[in-house]
Amino acid sequence: MDAVIVTGGSSGLGAAVVDGVLKAGGRPFVIDRQAPRGDIPWVECDLADTRAAEQATRKAIELAGGAVDAVVTAAGFDVPGALEDVPGPVWDRIVAVDLLATAAVIRAALPELKSAHGGVVTVASTLGIKAVSDATAYCAAKFGVVGFTRALAAELAGQVNVTLVIPGGMRTKFFDEREERYKPGPDAKLNDPGNVADAILFALQQPAGCSVRELIIAGETETSYP
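Our subject in this report is the structure included herewith. Keep in mind that this is a model prediction, so the values were computed, not measured.

### Some points on the overall build of the chain
Here's step 1: Looking only at helices and strands, the chain has five helices and seven strands in total.
Here's step 2: Counting from the amino terminus, the chain carries its helices and strands in the arrangement β-α-β-β-α-β-α-β-α-β-α-β.
Here's step 3: Taken over the C-alpha trace, the chain has a radius of gyration of 16 Å; the compact-globule value for 226 residues is 17 Å, and the two agree within 12%.
Here's step 4: With respect to the principal axes defined by its C-alpha atoms, the chain has extents near 45 × 35 × 35 Å.
Here's step 5: The buried share among the 226 residues of the chain stands at 51%.
Here's step 6: Pairs at least 24 apart in sequence give 65% of the contacts found in the chain among residues at least 6 apart.
Here's step 7: With an accessible surface of roughly 10600 Å², the chain has 51% of that area assigned to carbon and sulfur atoms.
Here's step 8: Counting 20 positive and 28 negative side-chain charges, the chain places the averaged centre of each group 3 Å from the other.

### Observations regarding the side chain of Ser10
Here's step 1: Note that Ser10 resides in the loop between β1 (3-7) and α1 (12-23).
Here's step 2: A polar side-chain atom of Ser10 sits 2.6 Å from a polar atom in the side chain of Asp32.
Here's step 3: For Ser10, the residues in contact, after removing those within four places along its chain, are Ala15, Val30, Asp32, Gln34, Ala35 and Pro36.

### Let's talk about the sheet that holds strand β4 (residues 70-73)
Here's step 1: Strand order in the open sheet made by the seven strands is β3-β2-β1-β4-β5-β6-β7, with parallel pairing throughout. Edge positions in the sheet fall to β3 (42-44) and β7 (214-217), since each has one partner strand and no second. Within the sheet, the average angular offset between the axes of one strand and its neighbour, ignoring direction, is 15 degrees.
Here's step 2: Bridge count for β1 against strand β2 (residues 27-32) is five bridges, and the pairing is parallel. By the bridge assignment, Val4 is partnered in β2 with Pro28.
Here's step 3: Running over the sheet, helix α4 (residues 136-155) touches β5 (119-123), β6 (161-167) and β7 and is turned about 160 degrees from β6.

### Topic: the pattern of salt bridges
Here's step 1: Overall, the coordinates contain six salt bridges when judged by the stated rule.
Here's step 2: Between Arg107 and Glu54 there is a salt bridge, with its nearest N and O atoms 2.7 Å apart. In this pair, Arg107 is assigned in helix α3 (residues 88-116) and Glu54 in helix α2 (residues 50-63), connecting sequence segments 53 residues apart.
Here's step 3: Relative accessible area serves as the criterion here: at 46%, Arg107 is assigned to the partly exposed category.
Here's step 4: Linked through salt bridges whose partners overlap, the residues forming this network are Arg51, Glu54 and Arg107.

### Quick look at empty space enclosed by the protein
Here's step 1: Within this structure, the stated rule accounts for one cavity of 30 Å³ or more.
Here's step 2: Space inside the largest cavity adds up to approximately 40 Å³.
Here's step 3: Lining the largest cavity are Asp78, Val79, Pro80, Gly81, Val86, Trp91, Ile94, Asp134, Ala135, Thr136 and Ala137.
Here's step 4: Elements supplying a minimum of two residues to the lining of the largest cavity: α3 and α4.
Here's step 5: Residues that form the lining of the largest cavity fall into these classes: seven nonpolar, two polar and two charged.

### Thoughts on α2
Since the α-helix turns once every 3.6 residues, residues separated by three or four places project in the same direction.
Here's step 1: Under the 1.5 Å per step criterion, the end-to-end length of α2 is 20 Å for 14 residues, consistent within 8% with the ideal 20 Å.
Here's step 2: Among the residues of α2, those classed as buried are Thr50, Ala53, Glu54, Ala56, Thr57, Ala60 and Ile61. Around the axis of α2, the buried residues are gathered within 165 degrees of arc, so they sit on the same side. Of the exposed residues in α2, those oriented more than 90 degrees away from the buried face are Gln55 and Glu62.
Here's step 3: Elements in contact with the buried residues of α2: β1, β2, β3 and α3.
Here's step 4: Its side-chain oxygen placed 3.2 Å from the backbone nitrogen of Arg51, Asp49 serves as the N-cap of α2.

### A closer look at the pairing of β6
Where a strand is regular, its side chains alternate between the two sheet faces.
Here's step 1: Counting buried positions along β6 gives six out of seven residues, so the element sits mostly inside the fold.
Here's step 2: Sheet topology places β5 next to β6; five bridges connect them, and they run parallel. Bridge pairing in β6 places Gly119 opposite Asn161.
Here's step 3: Two elements, β6 and β7, share four bridges in a ladder whose sense is parallel. Across the sheet, residue Leu164 finds its bridge partner in β7, namely Glu214.

The rules behind each value
- Residues numbered from 1 in each chain as written.
- Predicted model: local features only at pLDDT ≥ 70, side-chain atom pairs only at ≥ 80, totals over all residues.
- Heavy atoms only, no water.
- Helix = DSSP H or I, 4+ residues; strand = E, 2+ residues; numbered from the N terminus.
- Rg over C-alpha atoms; globule rule 2.2 N^0.38 Å.
- Buried < 20%, exposed > 50% of the residue type's maximum accessible area, 1.4 Å probe, protein only.
- Contact = heavy atoms within 4.5 Å.
- Areas by Shrake-Rupley, 256 points an atom, 1.4 Å probe, with all protein chains shown as cover.
- Lys, Arg positive; Asp, Glu negative; His and termini not counted.
- Charge placed at Lys NZ, Arg CZ, Asp CG, Glu CD.
- Polar contact = N/O pair within 3.5 Å; in protein donor to acceptor, adjacent residues only side chain to side chain.
- Pairing = 2+ DSSP bridges.
- Axes fitted to C-alpha atoms, helices over the stretch in contact; angles between N-to-C directions.
- Salt bridge = Lys/Arg side-chain N within 4 Å of Asp/Glu carboxyl O.
- 1 Å grid on protein atoms, 1.4 Å probe; cavity = no way out; pocket = protein on both sides within 12 Å on 5 of 7 lines; lining within 4 Å.
- Points joined across faces, edges and corners; volume = space filled by probe spheres on them.
- Nonpolar A, V, L, I, M, F, W, Y, C, P; charged D, E, K, R; others polar.
- Expected span 1.5 Å × (residues − 1).
- Arc of directions from axis to C-beta.

Here is the structure:
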């Protein structure tokens, strides 16, 4: 593992993955709307624009010297609320960033990933395997990531290692801008994003011929299944 593209690498889980790649001796390249910490190479992009996401991926590959070993699609966000209360453009943006950009970035990197027999890690959510009220866009997107990744793993078997990571709630800024009723309570047992990042790096560092297909990672008291 050398060059790794990380979407959403300026904060939260993405930043933890960047730290993990550096610790492992790799070179992270971030695609995000905001600059990552330190002097990490990055490409500015609004991932809601899928064509721009493809262009940003090609630019990140150029920054990496024309080759890339792995892609981690950690970017994601949500604005919870009843379907009739979430404005259409906001609902669409959630699906675009969380699902469509995932496919767009991987699609753009596929030639180099195949050449390197590299790895892909997509980031879904426990809300990609269970549904809750007031999360129609997020559930639609993350259920979509689950289906997309399973199909991609079948399509690229023997060419690119594909791993689906399904994390539960984490201690990040993901919840900061929500209405109070949608924020975790003070006693919520949220996972450390570093733990999830460690699992992602574990998947990427498997030896030739071995693939980690799916991982569910959550705080030990979180109920992950319906």
